[in-house]
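The primary structure of each chain is shown beneath.
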Amino acid sequence: GAICQRARERGSSYPFRRKHGPDFVAVMHCGVGERSHTIASAPALGGRPIIMSENTIRTALGVLQDEPDNEQAWTDLGGNLRAAGNGGGAEAASNALNLLAAARSAHEMRREYEAVGRLLELEVELATGDVQVERLRELAKLRDDILLDDANALAAYRRLLEIRPEDEDAKEGIERSEVKRSKWK
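Residues numbered from 1 in each chain as written. Predicted model: local features only at pLDDT ≥ 70, side-chain atom pairs only at ≥ 80, totals over all residues. Heavy atoms only, no water.

## Focus: the overall build of the protein chain
- Scanning the protein chain for helices and strands turns up 8 helices and 4 strands.
- Reading the protein chain from its N end, one meets helices and strands in the order α-β-β-β-β-α-α-α-α-α-α-α.
- Out of the 185 residues in the protein chain, the part that is buried amounts to 37%.
- Put simply, of all contacts in the protein chain between residues at least 6 apart along the chain, 42% involve residues at least 24 apart. (Helix = DSSP H or I, 4+ residues; strand = E, 2+ residues; numbered from the N terminus. Buried < 20%, exposed > 50% of the residue type's maximum accessible area, 1.4 Å probe, protein only. Contact = heavy atoms within 4.5 Å.)

## Concerning a negative patch on the surface
- A contiguous patch of negative charge, built from Asp66, Glu67, Asp69 and Glu114, is present on the exposed surface.
- Inspection of the secondary structure puts Asp66 in helix H2 (residues 52–66).
- The class of Asp66 is exposed, set by a relative accessible area of 66%. (Patch = residues over 30% accessible without salt bridge, like charges linked within 9 Å, V, L, I, M, F, W, Y side chains within 5 Å. Areas by Shrake-Rupley, 256 points an atom, 1.4 Å probe, with all protein chains shown as cover. Salt bridge = Lys/Arg side-chain N within 4 Å of Asp/Glu carboxyl O. Lys, Arg positive; Asp, Glu negative; His and termini not counted. Charge placed at Lys NZ, Arg CZ, Asp CG, Glu CD.)

## Overview of the packing of helix H4 (residues 89–109) against helix H5 (residues 113–126)
- Contact pair H4 / H5: the axes reach a minimum separation of 9 Å and the direction vectors enclose 165°. Between H4 and H5, the interaxial angle falls into the category roughly antiparallel. Our pair here, H4 against H5, has a crossing hand that is left-handed. Here H4 contributes Ala93, Ala96, Leu97, Leu100, Ala101, Ala103, Arg104, His107 and Glu108 to the contact with H5, which in turn contributes Tyr113, Ala115, Val116, Leu119, Leu120, Leu122, Glu123 and Leu126.
- Here the contact of H4 with H5 is built from residues that sort into 13 nonpolar, 1 polar and 3 charged. (Axes fitted to C-alpha atoms, helices over the stretch in contact; angles between N-to-C directions. Parallel < 35°, antiparallel > 145°, perpendicular 65-115°, else oblique. Left-handed = near helix turned anticlockwise from the far one by under 90°. Nonpolar A, V, L, I, M, F, W, Y, C, P; charged D, E, K, R; others polar.)

## Some thoughts on the packing of helix H6 (residues 129–146) against helix H7 (residues 150–163)
- Taken N-terminus to C-terminus, the directions of H6 and H7 make an angle of 155°; their axes are 8 Å apart at the nearest point. Here H7 runs roughly antiparallel to H6, going by the angle between their axes. Helix-helix and strand crossings are classified by hand; for H6 and H7 the assignment is left-handed. Only Asp150, Asn152, Ala153, Ala156, Tyr157, Arg159, Leu160 and Ile163 of H7 make contact with H6, whose side of the interface consists of Gln132, Val133, Leu136, Arg137, Ala140, Lys141, Arg143 and Asp144.
- Residues belonging to the contact of H6 with H7 are distributed by class as follows: 8 nonpolar, 2 polar and 6 charged.

## A word on the nonpolar core
- Counting 21 residues, the largest nonpolar core has Ile57, Leu61, Leu77, Leu81 and Leu100 as the members making the most contacts within it.
- Broken down by secondary-structure element, the contributors of at least two residues to this core are H2, helix H3 (71–87), H4 and H5.
- If one sorts the elements of this core by residue count, H4 sits on top with 7 residues.
- When neighbours within four sequence positions are excluded, Ile57 is seen to be in contact with Leu77, Asn80, Leu81, Ala84, Ala96 and Leu99. (Core = buried A, V, L, I, M, F, W, Y, C linked by side-chain atoms within 4.5 Å.)

Function cannot be inferred from these measures alone, as they are strictly geometric.
Structure follows, in structure tokens:
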């Protein structure tokens, strides 16, 4: 946006800093192309940097706590999570995963399992390695055992099997699904 434009006019891609009062410093970076990230640090946050999209993620998650069927909030959340995952670095992705896990826990306590499933889908998309495998396993079991969504459970088990070919949970889940389908034919 305007920040990147001013940096280009200065002939610089380095961040420039602006102070907003004694307790708040905003550091603005230009990213690739028009992608820019604003990182804020404040003593009230323990000096921990937050990517501004994290604030938007928090806002969307707050809306979803009150209105788990709010499609605009789901759209905003997905878009901001992709931005955090694509350009925010490992810390931004980790922070976003922590926010999603906390929100998922609250939805779980209220037995809002559709919301839990959607949050797990977002976590799977954002996570890597063992964390991704574990979230995918949770998603498959949720769809299979609680939501009784056999088609999407099967898809999750298959994806899990692609990542971990020897995963026993995935193999058992696929086998259960095939047995269910043969009974319904």
